[in-house]
Every structure is written in structure tokens, then in C-alpha cells.
Amino acid sequence: CAQELDEPIYQSSVQTGKHSDPVWQIFWQVDDANPALQFVSVSSDGVVNLWTMQKSELSHEPLMELTKPEAPLGEAGDAGGDG
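These notes cover the structure that comes with them. Within every chain, residues take consecutive numbers counted from 1 along the sequence as written. Whole-chain, interface and lining totals are the exception, using all residues; otherwise, since this is a predicted model, local features are given only for residues with pLDDT of at least 70 and side-chain atom pairs are given and counted only at 80 or more. Derived side-chain values reflect all non-hydrogen atoms in the structure, with water molecules and hydrogen atoms excluded from consideration.

## Things to note about the overall build of the chain
And step 1. Secondary structure assignment for the chain yields zero helices and four strands.
And step 2. In this description a helix means any DSSP run of H or I spanning at least four residues, a strand means any run of E spanning at least two, and both kinds are numbered starting from the N terminus. Along the chain, from the amino end to the carboxyl end, the secondary structure elements read β-β-β-β.
And step 3. Here the chain holds 83 residues, and the buried ones make up 20% of them.
And step 4. Here the chain displays about 7,200 Å² of accessible surface, and carbon together with sulfur accounts for 53% of that area. Exposure classes here rest on a 1.4 Å probe applied to the protein chains alone. A residue is buried below 20% of its type maximum, exposed above 50%, and partly exposed in between. Accessibility throughout is a Shrake-Rupley quantity obtained with a 1.4 Å probe, and a residue counts as covered only by protein chains that appear here.

## Quick word on the packing of aromatic side chains
And step 1. Only Phe, Tyr and Trp rings take part, Trp by its six-membered ring, and two of them pair if their centres are within 6.5 Å. Stacked means planes under 30 degrees apart, edge-to-face means over 60, and tilted covers everything else. Per the counting criterion, the structure on display carries two aromatic pairs.
And step 2. Aromatic side chains W28 and F39 sit 5.1 Å apart centroid to centroid with 55° between the ring planes, which places their arrangement in the tilted category. Note that W28 is positioned in strand β1 (residues 23–29) and F39 in strand β2 (residues 37–43), a separation of eleven residues in sequence.
And step 3. W28 sits in the partly exposed class, given a relative accessible area of 46%.
And step 4. Taking the centre distance of 6.2 Å and the plane angle of 15° together, the rings of F39 and W51 count as stacked. With F39 in strand β2 and W51 in strand β3 (residues 47–54), this residue pair connects regions lying twelve residues apart in the sequence.
And step 5. W51 gets classed as buried once you look at its relative accessible area, which sits at 4%.
And step 6. Ring-pair connections join several aromatic residues into one group, and the members of that group are W28, F39 and W51.

## A few points about the sheet that holds strand β4 (residues 57–65)
And step 1. Strand order in the open sheet made by the four strands is β1-β2-β3-β4, with antiparallel pairing throughout. A single partner strand is all that each edge strand has here, and the edge strands are β1 and β4. In this sheet, neighbouring strand axes are inclined to one another by 25° on average, regardless of whether the strands run parallel or antiparallel. Two strands pair if DSSP finds at least two bridges between them. Note on definitions: angles span 0 to 180 degrees between N-to-C directions of axes, and those axes are lines fitted to C-alpha atoms, for helices only across the stretch in contact.

## Quick look at the environment of W51
And step 1. Each C-alpha atom, one on W51 and one on W28, is 9.5 Å from the other, the two residues being 23 residues apart in sequence.
And step 2. We define a polar contact as two N or O atoms separated by no more than 3.5 Å, with the added condition that, inside protein, one atom must be a possible hydrogen donor and the other a possible acceptor, whereas residues neighbouring each other in sequence contribute only through side-chain atom pairs. A distance of 2.7 Å separates polar atoms of two side chains, one belonging to W51 and the other to S41.

## A few points about a nonpolar patch on the surface
And step 1. The grouping of V23, I26, W28 and L37 at the surface amounts to a nonpolar patch, some 390 Å² of accessible area in total.
And step 2. No other element matches β1, which puts three residues into the nonpolar patch.
And step 3. Turning to its location among the elements, L37 is positioned in strand β2.
And step 4. L37 sits in the partly exposed class, given a relative accessible area of 48%. Residues form patches when they are more than 30% accessible in relative terms and have no salt bridge. Like charges link within 9 Å. Nonpolar side chains (Val, Leu, Ile, Met, Phe, Trp, Tyr) link within 5 Å. The salt bridge criterion pairs a side-chain nitrogen of Lys or Arg with a carboxyl oxygen of Asp or Glu, the two atoms within 4 Å.

As C-alpha cells, then:
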């Protein structure tokens, strides 16, 4: 008999690297050499995390932080000009 759960099996917290903004995409990482479940999360907070789920532990590793450029190409500071 399958048991219905009202609570998530795993939940991140500030201590485990929780994103501060919504997550827009995840990508499951397949690694034949590593039996653990892994996925990468991308959030509008600019943080990209690698999450690893082993037994009853969910851990994360920050991969990178994305930043917004100061000015779009072709605007301020563009050396091309109109000629």
C-alpha cells in the first residue's frame, strides 16, 4: 500500500543553500561513476547550485553566481558609434 505524504521528502533551508528567489530551471546530472542523485538549480537570485542527494542527506555546492551586465551591448561605452 503506497503511503501518501503531505510533507516534502527533502526541503532545503538557509543552512543548506536555499535560493532566495524562485528557481526557474533544474537539470538532472547523470554521472555513471557516482550513484548519488544530482541536479543543478538556477534561480533568479543569480545562484547556480549543484545538489547531491545521498541516503537521507541533501547537500549543495555553489557552482557560480550570475550577474547582470552594467549596460547592454550597443549602449553606453560602445566604441563602435555611428561613425
